[in-house]
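# Observations on the three-dimensional arrangement
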Protein chains: 2
Amino acid sequence: MTPALISAQTPGNVYSYRVEVQGVGRKRLQEPDGRPTVHTVAARAGVSIASASRVLNGVGGSPETVRKVRAAAAEVGYVPNAIARSLQSQRTELVALAVEDIGNPVYVAMMRAIEAVVAESGRQLLVHATGGRIDNETALLRRLAHRYVDGMIISPIRVTAEHLTALADSPVPVVVIGQLAEDAPMDNVRTDSRLGIALAVDHLVATGRRRIGFVNGPLDTVPGAARDAGFRAALARHGIPLDENLVEVGDFQYAAGREATERLLARAEPDALVCANDLIAVGALHTLLALGRRVPTDVALVGMDDTELARMMFPQLSSVSLGSAERGRKAAELLLQRIDDPALPPRRAQVAPSLVVRASSGTPVPAQPIREEVTS
Amino acid sequence: MTPALISAQTPGNVYSYRVEVQGVGRKRLQEPDGRPTVHTVAARAGVSIASASRVLNGVGGSPETVRKVRAAAAEVGYVPNAIARSLQSQRTELVALAVEDIGNPVYVAMMRAIEAVVAESGRQLLVHATGGRIDNETALLRRLAHRYVDGMIISPIRVTAEHLTALADSPVPVVVIGQLAEDAPMDNVRTDSRLGIALAVDHLVATGRRRIGFVNGPLDTVPGAARDAGFRAALARHGIPLDENLVEVGDFQYAAGREATERLLARAEPDALVCANDLIAVGALHTLLALGRRVPTDVALVGMDDTELARMMFPQLSSVSLGSAERGRKAAELLLQRIDDPALPPRRAQVAPSLVVRASSGTPVPAQPIREEVTS
DNA sequence: TTGTAGGCGTTATCAG
DNA sequence: CTGATAACGCCTACAA
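Throughout this description, residue numbers start from 1 for each chain and increase along the sequence as written. Chain letters and ligand numbers both follow the written order, the letters beginning at A and the numbers at 1. Local features in this predicted model are restricted to residues of pLDDT 70 or higher, and side-chain atom pairs are both shown and tallied only at a pLDDT of 80 or more, whereas totals for entire chains, interfaces and linings draw on every residue. The side-chain figures draw on all heavy atoms in the structure; neither hydrogens nor water molecules are used.

This paragraph deals with the overall build of chain A. Here a helix means four or more residues in a row that DSSP labels H or I, a strand means two or more in a row labelled E, and each is numbered from the N terminus. A count of helical and extended segments in chain A gives 15 helices and 12 strands. Per-residue burial for chain A yields a buried fraction of 54% across its 376 residues. Within chain A, counting contacts between residues at least 6 apart in sequence, those at least 24 apart form 67% of the total. All accessible areas in this document rest on Shrake-Rupley with a 1.4 Å probe, and a residue is counted as covered only by the protein chains that are shown. Of the roughly 15,700 Å² of accessible surface on chain A, 54% is carried by carbon and sulfur atoms. Three exposure classes are used, based on accessible area relative to the maximum for each residue type with a 1.4 Å probe and protein chains only: buried under 20%, partly exposed in between, and exposed over 50%. A contact between two residues is defined here by any heavy atoms of the two lying within 4.5 Å.

In structure tokens form, the structure reads like this:
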């Protein structure tokens, strides 16, 4: 542990001091007490660490040197230490993703898309679940100052002043997925869930539904507020008066969707239900079926996010796609670009929503040949 | 970029060389070109970096020194660099988890449990999705040599010789979740899915089912093989002859479960179906309902893993719990212990399966009051 | 091409 | 308690 660097000038094998200190020529070379380093390789090849490093990185080196170093590296099983490399390069090749709920399939889809882009660039993805708690998210943002990652993608469902300041003085690039103020000077990927809800309402109205209910998430979240506004605006546009009995709020989870729908059905009789996300929609479906409603015959159902879950249900759920994979991909690209060039101006990407119609709001066919289902 | 360390001996402020080099007294202190370091803080406080470091780490320092350093650190907004710290401490405070499919809720549950333990210890979790591909997994294992994480938890569904050797010469601790050879000298957390399948079969037999089908995952996977063996053994134990027409194989995904069930129903008429995991079970449920079978009246259904998904379905699915959260928690504990003490002998933890009976194999009540459902 | 000599930011050791 | 200094493992001017 105290490899005094005496004998660095020792004639003979000039670079052998490490080996000398270790006291054993061959054996210890494999495991001084840890793993072989550039020094180990250099000593073994009989060259300087500079030469060893160069060869290992594929820059320069005479054929002979290259041969010797490669051989030595192979013999001792040299693997570069990522930490040391990071200290030198000032980057960890790690990118973080912070989402509210890692169990929500919409984030799984987003994560997969991000992972693909990130891995493609040779980096790795670090995933954080924030539980949607502000303190958690800002703490995460602040931790970026430690520089343990090269950048972060965050998808907050609430955006506070704290977020903004933490975002502003982050030493590493951050891309936000979600609605941000128009003038926020940061990379941002967004969609328009307000429009998404409109798509759902339009479809239901077009297929003859009039008593359209809405099961939303918390109104004090960005998506919750947008979807509420979207729902009200869409009904108004169709000249359908809003019955507050047909609107319920919970959080963005399955259980909440189930319970909220239960409350709603206790006081009103909708002929259609729009849900603020698929988790809620699945909960709603459960309640509807449990209470003996036929879907879509009695009640048509439309979810949002178009997750795998929507296709797994019976009947399969119609759902508004907010392009989660696309948003993830785009966010990852923006982030990588900014990591490569921090001087870039703030950019903004927008992904348009689209409606995917499936059995839950389509032709009422309770039991049908599987082929129909598969291709639906 | 070439902060020649002249003036280190300059009289006056001895530790000011960095500041000197930066050329500006105050302004640049906040951002030499990156962030403030211990040097910045030390210079500003007028003490040595050693003292600064000590105070920053809460070890030693006279009240006066502590005050000055704290003040300086606060003024410049000092945050320790995680990478440099890692190089020194030889640990990253990062732990990796490698699972096949991050979209499978069973892994989400496992991940959450692991995350809780890992976060509790002040570390962070890095998640890898392997897609179950061997090359992918061994590459991951080999990458551990870079020491970018302090340890890894891996849950392979296939275990090859490559895995074993990669596992054996990993320089950092690895805990395997899954079945390993009895004598494999490594930390291992397992369950007994063979017994789990037996639980399911016993239950179905006890409730009067006789034509019990089985939809499994690939037989060349460890869990696939175990579950197949378990199914056959259980039937035999009950003296029920096995009808191969009642056995189907796909992979461990929803779509495969759906298709496999379709094939099975095309040639046989089971009165119960055991599925090798919940994803398959959900697919099976879809096919059953689509083909007009009533669940559980016509066909009882039992899944495995007891994921959130099972509770989301209508009817809710009975499922064999393999204690995924528990296994995750246990694995994380074993890993952290080993990181703290690499000399520990290999340990093995076992989590027992249990059956959770729900509507899909219970009393046939297609539509019932929601309350019943909620508490089921 | 090759080797010398830092330096990345921290912590730890060892004299004063 | 404090400061000088050596690591941690790697990369890279710069000089030879």
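Residue and element names in this part refer to chain B. Strand pairing is defined by DSSP finding a minimum of two bridges between the two strands. Strand order in this open sheet of six strands is β7-β6-β8-β9-β10-β12, and the pairing throughout is mixed. Only two strands of the sheet have a single neighbouring strand rather than two, namely β7 (247–249) and β12 (354–356). Averaged over neighbouring strand pairs, the angle between their axes works out to 20 degrees when direction is ignored. As defined by bridge partners, strand β6 (residues 212–216) adjoins strand β8 (residues 272–275) across four bridges and the pair is classed as parallel. By the bridge assignment for β8, G213 is matched with L273. All axes are obtained by fitting lines to C-alpha atoms, using only the stretch in contact for helices, and the reported angles, taken between N-to-C directions, cover 0 to 180 degrees. Sheet contacts for helix α10 (residues 193–206): β6, β8, β9 (300–304), β10 (318–321) and β12; angle to β9, the most-contacted strand, approximately 165 degrees. Its contacts with the sheet place helix α13 (residues 278–290) against β6, β8, β9 and β10, and it is angled at close to 155 degrees to β9.

Counting residues at the interface gives 53 residues for chain A, matched by 54 residues for chain B. By buried area we mean the combined loss of accessible area, with a 1.4 Å probe, across both parts when two parts are placed together. Where chain A abuts chain B, roughly 4,700 Å² becomes buried across the two surfaces, and 64% of that area is made up of carbon and sulfur atoms. Salt bridges are defined by distance alone: a side-chain nitrogen of Lys or Arg within 4 Å of a carboxyl oxygen of Asp or Glu. Connecting chain A to chain B are two salt bridges. Between D101(A) and R112(B) there is a salt bridge, with its nearest N and O atoms 2.8 Å apart. Side-chain atoms alone can form a polar contact between residues adjacent in sequence; in general such a contact is a pair of N or O atoms within 3.5 Å, and within protein one must be able to donate a hydrogen while the other accepts it. Where chain A touches chain B, the interface holds 10 residue pairs in polar contact (both at pLDDT 80 or more). For the side of chain A that touches chain B, the elements supplying multiple residues, two or more each, are α5 (82–89), α6 (105–120), β2 (124–129), α11 (254–267), α12 (278–290), α13 (308–312) and α15 (370–375) of chain A. Of the residues forming the side of chain A that touches chain B, the biggest block, six residues, is contributed by α12(A). As a working rule, the residues Ala, Val, Leu, Ile, Met, Phe, Trp, Tyr, Cys and Pro are called nonpolar, Asp, Glu, Lys and Arg charged, and the rest polar, with Gly in that last group. A breakdown of the residues in the side of chain A that touches chain B according to their chemical character gives 30 nonpolar, 13 polar and 10 charged.

Residues and elements named next belong to chain A. Across all of its chains, the model carries 44 salt bridges over all chains by this definition. A salt bridge links D228 to R232; the shortest N-O distance between them is 3.0 Å. Separated by four residues within a single helix, D228 and R232 lie in helix α10 (residues 222–237), roughly one turn from each other. On the basis of relative accessibility, which here comes to 31%, the residue R232 falls in the partly exposed class. Connected via shared salt-bridge partners are E326, R329, K330 and E333.

The next point concerns the relation of the copies chain A and chain B. One copy of the chain maps onto the second through a rotation about an axis and a displacement along it. Least-squares fitting of one copy onto the other uses the C-alpha atoms of those residues that reach a pLDDT of at least 70 in both copies. Its rotation angle being 180 degrees, the transformation that places chain A on chain B also includes 0.0 Å of axial translation and leaves an RMSD of 0.1 Å. Taken together, the turn and the small shift mark the pair as related by a two-fold rotation axis. Closest approach to the rotation axis among the C-alpha atoms of chain A is made by L126(A), whose C-alpha sits 2.4 Å away. An overlap of 100% is found between the interface residues of chain A and their copies at the interface of chain B, pointing to a shared contact surface.

All names here are of chain A. We note that the domain assignment places domain 1 (4–88), domain 2 (94–190 + 325–352) and domain 3 (193–322 + 357–361) within chain A. Reported domain spans reflect what an automatic or database domain assignment gives. The C-alpha-based centres of domain 2 and domain 3 are spaced at 29 Å. The interface is formed by 13 residues belonging to domain 2 together with 13 residues belonging to domain 3. Looking at the side of domain 2 facing domain 3, the largest losses of area belong to P105, I157 and R158, adding up to 41% of the total buried there. The tally of links from domain 2 across to domain 3 stands at two salt bridges. Taking the shortest distance from any N to any O, the salt bridge between R112 and E308 comes out at 3.6 Å.

Right, let's talk about the UniProt feature "domain: HTH lacI-type" (unreviewed entry) in chain A for a bit. Under the local residue numbering, the UniProt record ascribes the feature "domain: HTH lacI-type" (unreviewed entry) to residues 36–89 of chain A. As annotated, residues 36–89 of chain A comprises 70% helix and 0% strand, and the C-alpha atoms at either end are separated by 20 Å. UniProt positions are given in the numbering used here, feature names are shortened, and annotations may be inferred rather than shown by experiment.

Here we come to the environment of R143(B). Its place among the elements puts R143(B) in helix α8 (residues 134–143). Judged by its relative accessible area of 38%, R143(B) is partly exposed. Those residues in contact with R143(B) that sit more than four places away from it in its chain are Q124(A) and Y148(B).

It is worth spelling out the packing of aromatic side chains at this point. Residue and element names in this part refer to chain B. Classification of ring pairs uses Phe, Tyr and Trp, with its six-membered ring standing for Trp, and accepts pairs whose centres are within 6.5 Å; under 30 degrees between planes counts as stacked, over 60 as edge-to-face, and the remaining range as tilted. Per the stated rule, a full pass over the model turns up two aromatic pairs over all chains. Residues F214 and F231 carry aromatic rings whose centres are separated by 4.6 Å and whose planes lie at 20 degrees to one another, so their mutual orientation is stacked. Here the residue F214 occupies a position in strand β6, and F231 occupies one in helix α11 (residues 222–237), the gap between them amounting to 17 residues.

This part is about unusual backbone geometry. All names here are of chain A. Cis geometry marks the peptide bond from V295 to P296, where omega comes out at 10 degrees. Within the secondary structure layout, P296 lies in the loop between α12 and β9 (300–304). Backbone torsion omega between F314 and P315 reads -5 degrees, so that peptide bond is classified as cis. Residue position: P315 is located in the loop between α13 and β10 (318–321). Even without being a glycine, R147 presents a positive backbone phi close to 60 degrees. Positionally, R147 belongs in the loop between α7 (134–143) and β3 (151–154). Its identity as a non-glycine residue notwithstanding, D305 has a phi of 115 degrees, on the positive side. Assignment of secondary structure puts D305 in the loop between β9 and α13. A residue is classified by how much of its surface remains accessible, and D305, at 7% relative accessible area, is buried.

A separate point is the sheet that holds strand β7 (residues 247–249) of chain A. All names here are of chain A. Spatially, six strands are ordered β7-β6-β8-β9-β10-β12 in an open sheet, and the strand pairing comes out mixed. Of all the strands in the sheet, just β7 and β12 (354–356) have a single pairing partner and so form its edges. Averaged over all pairs of adjacent strands, the angle between strand axes in this sheet comes to 20 degrees, irrespective of strand direction. Looking at chain direction, strand β6 (residues 212–216) and β7 are connected through three bridges and run parallel. What sits directly across from F214, in β7, is V247.

A regular strand carries its side chains on alternate faces of the sheet. All names here are of chain B. Along strand β4 (residues 174–177), one buried face is formed by V174 and V176 and the opposite face, lined by V175 and I177, is buried too. One ladder, built from three bridges, connects strand β3 (residues 151–154) with β4; its direction is parallel. Looking across to β4, one finds that I154 is bridged to V176. Crossover handedness for the path β3 to helix α9 (residues 161–168) to β4: right-handed. Here the term right-handed applies to a crossover when the path leading from its first strand over the helix to its second strand runs clockwise, the strands being oriented away from the viewer.

On to helix α4 (residues 63–76) of chain A, then. All names here are of chain A. Here α4 contains 14 residues, and its C-alpha end-to-end distance of 20 Å stays within 8% of the 20 Å for a straight helix at 1.5 Å per residue. Looking only at α4, the buried set comprises T65, V66, V69, A72, A73 and V76. All buried residues of α4 fall inside an arc of 140 degrees around its axis, so they share one side. Pointing more than 90 degrees away from the buried face of α4 are the exposed residues P63, R70 and A74. Of the surrounding secondary structure, the elements contacted by the buried residues of α4 are α2 (38–45) and α3 (49–56). Backbone geometry just after α4 places G77 at a positive phi near 65 degrees. By definition here, a helix of n residues has an expected span of 1.5 Å times n minus one. In this description, the arc belongs to the directions extending from the helix axis to the C-beta atoms.

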